[in-house]
Amino acid sequence: MMKKIITFCFFTLALLFGSQNVNAQSLMEINNTANVKANALKKSIKFNDKTLEDVYQAYKLYETKIASLNKNIVNDPQMLATEKQNTKDRLDAKLKELFTEEQYDVYKSLNTN
């Protein structure tokens, strides 16, 4: 009986550490994607480091939400598409707040290509 309990505890700990590793890997991928997108925008649209950080945070929130949607809404493609569009609209609204009108126009022209 004691051997079964110890085996169960060991198995549970292995699952716990394994799932944390997957979550950490996903978080690293999200952070990397947000960083790449923010820096790519900075190359195309000239803005300061404070704006870069704000753009990074906006993309990080966007990528996190998209990953969550992809994970949690698998049975309803219409709902998934709608929620992704709503998330994209929120990203666009946040970037519109951060950018000047000219910068936002350049951003929109880059995203239509």
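Residues numbered from 1 in each chain as written. Predicted model: local features only at pLDDT ≥ 70, side-chain atom pairs only at ≥ 80, totals over all residues. Heavy atoms only, no water.

K.L.:
Break down the overall build of the protein for me, citing the residues and quoting the values.
P.N.:
Summing up its helical and strand segments, the protein has 4 helices and 0 strands in all. The secondary structure elements of the protein, listed N-terminal to C-terminal, are α-α-α-α. The contacts of the protein with a sequence gap of at least 6 include a subset with a gap of at least 24, amounting to 51%. Summed over its atoms, the accessible surface of the protein is roughly 8400 Å², and 60% of this surface lies on carbon and sulfur atoms. (Helix = DSSP H or I, 4+ residues; strand = E, 2+ residues; numbered from the N terminus. Contact = heavy atoms within 4.5 Å. Areas by Shrake-Rupley, 256 points an atom, 1.4 Å probe, with all protein chains shown as cover.)

K.L.:
Hey, could you go over the packing of aromatic side chains for me, with residue numbers and the actual values?
P.N.:
Taken as a whole, this structure holds 3 aromatic pairs when the rule is applied. Note on Phe99 and Tyr107: the rings are 6.2 Å apart at their centroids and 55° apart in plane angle, and the pair reads as tilted. In terms of burial, Phe99 and Tyr107 fall into one category: buried. Through pairs of rings, three or more aromatic residues link up here, namely Phe47, Phe99, Tyr104 and Tyr107. (Phe/Tyr/Trp six-rings, centres within 6.5 Å; stacked < 30°, edge-to-face > 60°. Buried < 20%, exposed > 50% of the residue type's maximum accessible area, 1.4 Å probe, protein only.)

K.L.:
Go over the packing of helix 2 (residues 49–72) against helix 3 (residues 77–98) with me, naming the residues and quoting the values.
P.N.:
For the pair helix 2 and helix 3, interaxial distance at closest approach is 10 Å and the crossing angle is 175°. What the angle tells us is that helix 2 and helix 3 run roughly antiparallel. Contact with helix 2, carried on its side by Thr51, Asp54, Val55, Ala58, Tyr59, Tyr62, Lys65, Ile66, Leu69 and Asn70, involves Leu80, Glu83, Lys84, Thr87, Lys88, Arg90, Leu91, Lys94, Leu95 and Leu98 of helix 3 and no other residues of that element. Split by residue class, the contact of helix 2 with helix 3 holds 10 nonpolar, 3 polar and 7 charged. (Axes fitted to C-alpha atoms, helices over the stretch in contact; angles between N-to-C directions. Parallel < 35°, antiparallel > 145°, perpendicular 65-115°, else oblique. Nonpolar A, V, L, I, M, F, W, Y, C, P; charged D, E, K, R; others polar.)

K.L.:
Can you break down the nonpolar core residue by residue, with the values?
P.N.:
The biggest cluster of nonpolar side chains holds 21 residues, and the ones touching the most others in it are Leu41, Val55, Tyr59, Leu95, Phe99 and Tyr107. Broken down by secondary-structure element, the contributors of at least two residues to this core are helix 1 (2–44), helix 2, helix 3 and helix 4 (101–112). It is helix 2 that provides the largest number of residues to this core, a total of 8 residues. Those residues within four positions of Leu41 in sequence are excluded, and the remaining contacts are Phe47, Val55, Tyr59, Phe99, Tyr107 and Leu110. (Core = buried A, V, L, I, M, F, W, Y, C linked by side-chain atoms within 4.5 Å.)

K.L.:
Any details on helix 4? Residues and values, ideally.
P.N.:
The terminal C-alpha atoms of helix 4 lie 17 Å apart, and with 12 residues this matches the ideal 16 Å at 1.5 Å per residue to within 8%. Looking only at helix 4, the buried set comprises Gln103, Tyr104 and Tyr107. Buried positions in helix 4, seen along its axis, are confined to an arc of 95° and lie on one side of it. What points out from helix 4, more than 90 degrees from its buried face, is the exposed set Glu101, Glu102 and Thr112. (Expected span 1.5 Å × (residues − 1). Arc of directions from axis to C-beta.)

K.L.:
Describe the environment of Thr51, with residues and values.
P.N.:
Note on placement: Thr51 falls in helix 2. The buried category is assigned to Thr51, whose relative accessible area is 12%. Once the C-alpha coordinates of Thr51 and Phe99 are considered, the two residues, 48 residues apart in sequence, prove to be 8.0 Å apart. In this structure, Thr51 is in contact with Leu98 and Phe99, ignoring residues within four places of it in sequence.

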